[in-house]
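Topology and contacts: notes
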Amino acid sequence: MIQQGGAPGSGSARPAAPRGDFPLQTGADHLIRLESITKIYGSGDAAVVALDDFSLDVEAGELLAVMGPSGSGKSTLMNILGCLDTPTSGRYWFGGEDVSRLNETQLAHVRNRRIGFVFQQFQLLPRLSAWRNVELPLLYRGEHDRRALALHALDQVGLSNRVDHRPTQLSGGQQQRVAIARALVTDPDLILADEPTGNLDSVASRDVLAILRDLNQQGRTIVIITHDPEVAPVAQRTVVMRDGRLVHGVAA
Amino acid sequence: MSLLHTIETGLRSLLGHRLRSVLTTLGILFGVAAVISVVGIGQASSDSVTARISSLGTNLLTITPGSTVSGGVFGGGGTANTLTMSDVAGLIDHQNAPDVAAVAPVSQGRESLVSTSSNWSTTVSGSTADWLVANSRDIGTGSFITASDVSSQAHVIVLGATTASNLGASVGDLITVKQIPFQVIGILASAGSQGFGNQDDLAVVPITTAQGELVGGVGSVQRILLSSTSQATLGSAYIEANQVLLQTHHITNATQADYSITSSTQVLSTAQAVTQTLTILLASVAAISLLVGGIGVMNIMLVSVTERTGEIGLRKALGATPGDLFRQFVIEAGVLTAVGGLLGVGTGLAAGYIVPRTANIAVTITPLPVLIAVAVAVAVGLIFGVYPALRAARLAPIEALRAQ
Ligand SMILES: Nc1ncnc2c1ncn2[C@@H]1O[C@H](COP(=O)(O)OP(=O)(O)O)[C@@H](O)[C@H]1O
Ligand SMILES: [Mg+2]
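The text that follows walks through the structure, step by step, so that each part is easy to find. Quantities reported herein were computed from a predicted structural model and do not represent experimental measurements.

1. Topic: the pattern of salt bridges
Pairing is possible between side chains of opposite charge, provided their charged atoms come close. In total, this model carries 24 salt bridges over all chains according to the counting rule given. Note that Arg141 of chain A and Glu143 of chain A form a salt bridge whose closest N and O atoms lie 3.9 Å from each other. When its relative accessible area of 23% is taken as the criterion, Arg141 of chain A is described as partly exposed. Here the residues in one salt-bridge network are Arg127 of chain A together with Arg308, Glu311, Arg315 and Glu332 of chain B, joined through shared partners.

2. Looking at empty space enclosed by the protein
Residues and elements named next belong to chain B. Tallied over the entire structure, the rule returns six cavities of 30 Å³ or more. Considering only enclosed or pocket space, the largest cavity measures out at about 70 Å³ in volume. In terms of lining residues, the largest cavity is bounded by Ser13, Leu14, His17, Arg20, Ser21, Ile300, Met301, Ser304, Arg308, Glu332 and Leu336. Breaking the lining of the largest cavity down by element, the ones donating at least two residues are helix H1 (3-16), helix H2 (18-54), helix H10 (264-307) and helix H12 (322-358). With three residues, H10 is the largest single contributor of residues to the lining of the largest cavity. Of the residues in the lining of the largest cavity, the class split is four nonpolar, four polar and three charged.

3. Topic: the nonpolar core
Generally speaking, soluble globular proteins have nonpolar side chains that are buried together. If you look at the biggest cluster of nonpolar residues, it comprises 68 residues, and the most contacted ones within it are Ile32, Leu34, Phe54 and Tyr92 of chain A. Non-local contacts of Tyr92 of chain A, meaning those with residues more than four positions away in its chain, are made with Ile32, Arg33, Leu34, Ile37, Ile80, Leu81, Cys83, Glu97, Asp98, Val99 and Ser100 of chain A.

4. Structural notes on the layout of surface pockets
Within this model, the second largest pocket holds a volume of roughly 570 Å³. Surrounding the second largest pocket, 23 residues form its lining, Ser75, Asn79, Gln120 and Asp194 of chain A together with Arg402 of chain B being those nearest its centre. Only helix H1 (74-81) of chain A together with helix H14 (397-402) of chain B provide two or more residues apiece to the lining of the second largest pocket. It is H1 of chain A that provides the largest number of residues to the lining of the second largest pocket, a total of five residues. Taken together, the residues of the lining of the second largest pocket sort by class into seven nonpolar, twelve polar and four charged.

5. Brief notes about the pairing of strand E6 (residues 115-118) of chain A
Residue and element names in this part refer to chain A. Where burial is concerned, the two faces of E6 agree: the one with Ile115 and Phe117 and the one with Gly116 and Val118 are both buried. Two strands pair when backbone bridges link them, and E6 and strand E7 (residues 190-194) are joined in this way by four bridges, in the parallel orientation. Residue Ile115 lies in a different strand from E7, and its bridge partner there is Leu190.

6. Topic: the site of ligand 1
Around ligand 1, the neighbouring residues are Tyr41, Val48, Ala50, Pro69, Ser70, Gly71, Ser72, Gly73, Lys74, Ser75 and Thr76 of chain A together with Arg402 of chain B. Bordering ligand 1 are residues originating from chains A and B. Within the backbone of Gly71 of chain A, one N or O atom sits 2.6 Å away from an oxygen atom of ligand 1. Here an oxygen atom of ligand 1 and a backbone polar atom of Lys74 of chain A are 2.9 Å apart. Those elements that place two or more of their residues in the shell around ligand 1 are strand E2 (48-58) and H1 of chain A. Ranked by the residues each element gives to the shell around ligand 1, the list is headed by H1 of chain A, at three residues.

Cut-offs and rules
Residues numbered from 1 in each chain as written. Chains lettered and ligands numbered in written order. Predicted model: local features only at pLDDT ≥ 70, side-chain atom pairs only at ≥ 80, totals over all residues. Heavy atoms only, no water. Salt bridge = Lys/Arg side-chain N within 4 Å of Asp/Glu carboxyl O. Buried < 20%, exposed > 50% of the residue type's maximum accessible area, 1.4 Å probe, protein only. 1 Å grid on protein atoms, 1.4 Å probe; cavity = no way out; pocket = protein on both sides within 12 Å on 5 of 7 lines; lining within 4 Å. Points joined across faces, edges and corners; volume = space filled by probe spheres on them. Helix = DSSP H or I, 4+ residues; strand = E, 2+ residues; numbered from the N terminus. Nonpolar A, V, L, I, M, F, W, Y, C, P; charged D, E, K, R; others polar. Core = buried A, V, L, I, M, F, W, Y, C linked by side-chain atoms within 4.5 Å. Contact = heavy atoms within 4.5 Å. Pairing = 2+ DSSP bridges. Near = heavy atom within 4 Å. Polar contact = N/O pair within 3.5 Å; in protein donor to acceptor, adjacent residues only side chain to side chain.

See the structure below:
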């Protein structure tokens, strides 16, 4: 986290990463570099091109909002950014490493060590308490101080007084904050949020967005995929997708 | 993920579905318990058959009429009684059969014995003084039948210990068989072995008396018991007896013999083979129930994988590798079967304790079948856990996440 999140308005407009502006063989200058990513679901007549020769860079410390109508490929982009899925073609550089050709186990390690996820449906395990949910990613990396790290992360999202509550005992906004704590606990290079306010009322949405903005101001790189017009003012940069392509990118 | 955490995670999820886990465990429990108790019952009956037959001694030969063993027993089944008292006389002759120590003809039937106080039904054997030697039995009180009792067709009877006590008879008493009075002249020492059929429940009378007044068939006998002078001479005693009988029966081709001679070791190995086959058969049935239990485990694990697709996807997103998930599900299946197996051992041992005391069926539990049953149960669980675990490991994280 070299670059501190810039104050709103300081970000310059970055055009949607035209190919050729960057050295071709490495994405080391950027946290993320997508190079001509194509993702095709199915084959033959049923083939759907969800991402079409898609290129994008994300700087370390940025808060990027990805918008676009339903079916434009936002979730597909999120899956590829999150190493949950691999592109049909193209290259994906993450922190200077080509992750587009890694196998499942290697991708699992990248997800565990470098990426934190926040989902629209929260995706908390209902039988586990808040801190046990936050602890989950640490179990897959053999961490020892799990409880202390989980409590610290819960403190960062303002839930120190709810650590032993189960998800069902928490409001939607609180559940999403637990999920953010879970994304934070591994100190990831990137937090990916897919419609994080999609299931929340406007008060809780503002809460969650405020937390994400605070995290960004502390230096976290965050990509938010959203329909929510409230997100755009928080982001330094907003890109809009249509039919698997970028239509434009604007500064907030 | 460390093994400890994998086990912890597995246990948590099993405890989260308590009823389901218990029901799955029951399948394995009963499979293991069935294997242990069935093998225990088989072992006990094999032991008792072995004990009973070896108590007869290893130098015993039995001659039965007909070419099969079954024909001569109780003189039934339409087999002609081809054995006679002159065969007995020929076998006793030391010139012909120097290695034969004792020759005891037997003609027996089931009779009702009546004493002054009660009556009792048992097997009454007509025989000679050699019966004691040939059966390796001892007289407890009084004396046994003598050669003169046989020649005089005396009305004397020797009782087994159980028979005597059931009749309330002691040496010197009079009892009646078919309304014929017999004097009790001796009571046998207890043979002590408990099998199916009590060796202390019997009665012996002179063979002539049995042929003339009880069983019938004057001059013919149902079978002849021979004992060789020692275990080492059993083989030559066999050859001598065969020679004598071929001669007295005027048979030139040995394969046409109208009698058969079996040694006690032959009977022993046949009986052991029979009980062993039976035990294997029953154990296979029990093993199938164990297999069914294993399929139950697979079924439940598949349900669990399907039901927890979302959880699997989330864990993958958070960094669980395919190996982590594979191990978690295999361990869950392994824990289910291991617990079921251990409880099954407990149930099997309890059955081994209770059944002999309530149902009068002997059960002998040895460590080996117990270990094998548990090992098989755990192996079954792991093997049947592999497929669901592979399914979990191979789930694509995005598909799995979308399932929620
Ligand atoms: N697993 C899939 N199989 C087939 N088509 C898919 C799959 N996932 C997404 N698509 C298609 O890809 C396109 C982009 O979908 P998606 O990335 O979910 O868009 P968004 O999140 O912007 O609504 C859509 O046309 C969708 O129907
Ligand atoms: Mg979507």
